[in-house]
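Inside the fold
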Amino acid sequence: MQREFLIILSRAIKIVVLSCVIALVFNSLSPKGIPLITRYRRVTVRGNEIKVPIFIVNSDKKFDKGNRQFNFAMHPAEEISLNDAFKCFAKGTAVFIDTRSSEKYRLGHIPGAISIPIEELSFEEFSLENLGLDQKIITYCDGEECSQSVDLALYLEEAGFFDVYFFLSGWQEW
Amino acid sequence: MKNNKFTLIAAYAVRFILGFLFLYASIDKMINPARFAEVVYHYRVLPIELLNIVAILVPWVEAVLGVTLLLGIWIETTALILSCVTLFFIVLMISAIARGLNIECGCFSLDPEGSLISWKRIIEDVFMFIGSLFLFFRAVSSTQLKR
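In this text, all values refer to a predicted model and were calculated from it rather than measured experimentally.

Glancing now at the layout of surface pockets. As a volume, the second largest pocket reaches approximately 630 Å³. Taken together, 30 residues make up the lining of the second largest pocket; nearest its centre are Val58(B), Glu62(B), Val85(B), Phe88(B) and Phe89(B). Breaking the lining of the second largest pocket down by element, the ones donating at least two residues are helix 1 (2-29) of chain A together with helix 1 (5-31), helix 2 (33-43), helix 3 (51-71), helix 4 (75-98) and helix 5 (119-142) of chain B. Here the lining of the second largest pocket takes 8 residues from helix 4 of chain B, the largest share from any one element. Classifying every residue of the lining of the second largest pocket by side-chain character gives 25 nonpolar, 2 polar and 3 charged.

Time to look at the sheet that holds strand 9 (residues 163-167) of chain A. Residue and element names in this part refer to chain A. Taken together, 5 strands build an open sheet; the order of strands is 5-9-8-6-7 and the sheet is parallel. Single-partner strands in this sheet number two, and they are strand 5 (78-79) and strand 7 (114-115). The pairing of strand 6 (residues 94-98) with strand 8 (residues 136-140) spans 5 bridges and is classified as parallel. Each residue of the ladder has a partner; that of isoleucine 97, found in strand 8, is threonine 139. Packed onto the sheet, helix 4 (residues 148-158) meets strand 6, strand 8 and strand 9 and runs at close to 175° relative to strand 9.

Packing of helix 1 of chain A against helix 3 of chain B brings their axes to within 8 Å, and their N-to-C directions diverge by 125°. Between helix 1 of chain A and helix 3 of chain B, the angle is such that the two are oblique. Remark: the crossing between helix 1 of chain A and helix 3 of chain B carries right-handed chirality. Of the residues in helix 3 of chain B, those in contact with Ile15(A), Leu18(A), Ser19(A), Cys20(A), Ile22(A), Ala23(A), Leu24(A), Phe26(A) and Asn27(A) of helix 1 of chain A are Ile53(B), Ile56(B), Leu57(B), Trp60(B), Val61(B), Val64(B) and Leu65(B).

What follows concerns empty space enclosed by the protein. Using the criterion set out here, one finds 1 cavity of 30 Å³ or more in the structure. Within this model, the largest cavity holds a volume of roughly 50 Å³. Surrounding the largest cavity, Ala23(A), Phe26(A), Asn27(A), Ser30(A), Gly33(A), Lys29(B), Met30(B), Pro33(B), Ala55(B), Ile56(B), Pro59(B) and Trp60(B) form its lining. Listed by contribution, the elements that provide at least two residues to the lining of the largest cavity are helix 1 of chain A together with helix 1 and helix 3 of chain B. At 4 residues, the largest contribution of residues to the lining of the largest cavity is made by helix 3 of chain B. For the lining of the largest cavity, a count of residues per class yields 8 nonpolar, 3 polar and 1 charged.

On to the environment of Ile80(A), then. Residue and element names in this part refer to chain A. Looking at where isoleucine 80 falls in the secondary structure, it is placed in the loop between strand 5 and helix 2 (82-91). Separated by 58 residues in the primary sequence, isoleucine 80 and isoleucine 138 place their C-alpha atoms 8.0 Å from one another. For isoleucine 80, the residues in contact, after removing those within four places along its chain, are Ala85, Cys88, Ile138, Tyr165, Phe166, Phe167 and Leu168.

Procedures and definitions
Residues numbered from 1 in each chain as written. Chains lettered and ligands numbered in written order. Predicted model: local features only at pLDDT ≥ 70, side-chain atom pairs only at ≥ 80, totals over all residues. Heavy atoms only, no water. 1 Å grid on protein atoms, 1.4 Å probe; cavity = no way out; pocket = protein on both sides within 12 Å on 5 of 7 lines; lining within 4 Å. Points joined across faces, edges and corners; volume = space filled by probe spheres on them. Helix = DSSP H or I, 4+ residues; strand = E, 2+ residues; numbered from the N terminus. Nonpolar A, V, L, I, M, F, W, Y, C, P; charged D, E, K, R; others polar. Pairing = 2+ DSSP bridges. Contact = heavy atoms within 4.5 Å. Axes fitted to C-alpha atoms, helices over the stretch in contact; angles between N-to-C directions. Parallel < 35°, antiparallel > 145°, perpendicular 65-115°, else oblique. Left-handed = near helix turned anticlockwise from the far one by under 90°.

By themselves, these figures tell us nothing about what the structure is for.
The following block contains the structure:
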């Protein structure tokens, strides 16, 4: 019985090691390979610092392999309060991006907001070519339970936009 | 375990079904590990730093298990690992449901329209778990393990 257990254990180790070796080799050769350690950003939300992972492939030009760093935009995306968001809305100084589903957008949205339903689109599928990189952008979703506003804000920041904010309380508070 | 004609046919069927399912489940994830890492992140059980390495390794473990099962290599070992893996998936999904997470399962495909975690998915995994255990006990009782 003990001998059988040892045989099974040694075979299990061989299977797992073989799988890991193939996985690591494939990952290093694949154009969609990813860094072994997940990169992340530190974002302050309501005074608490949280880590937000960045899912990026090794071949992405924004990832500088030499320095193992990302070429980030000038200032990090940060949270904006309802008051400040409303001031920007009233003055027309910011573009609002609604990240909720297109159905929810149809039912109601911040006037003038662009709809980018990121659950329906991949990040590669939308374009903001008509916006300058210095355009102030405010992203929002339903409220504090959803994360799409933060996800999109970080993506836009990585894409080179300088002045990106996420309105965390979102549509519910608006 | 009795080794009659019925259990022999059942063992073959379970072996091929599980082998195919695990191989199929691994393909999307191994092709797009960044997307799979994102799915794993939403379960919120791993430290952020480990998401990528798990997303790189897990699909290949699934694929190798699928292949060894289909080829009939070391069935008792493969079935034992499969039962551990499926049991882990079951616990993971139950814990996600208990925490009120409404997230993508990432079970068989990474399609954004893919299925969310649900009791249906858990029951599927329970069947896979039972199938793996059946293969394990049958293989252990009917074969002489050799080095």
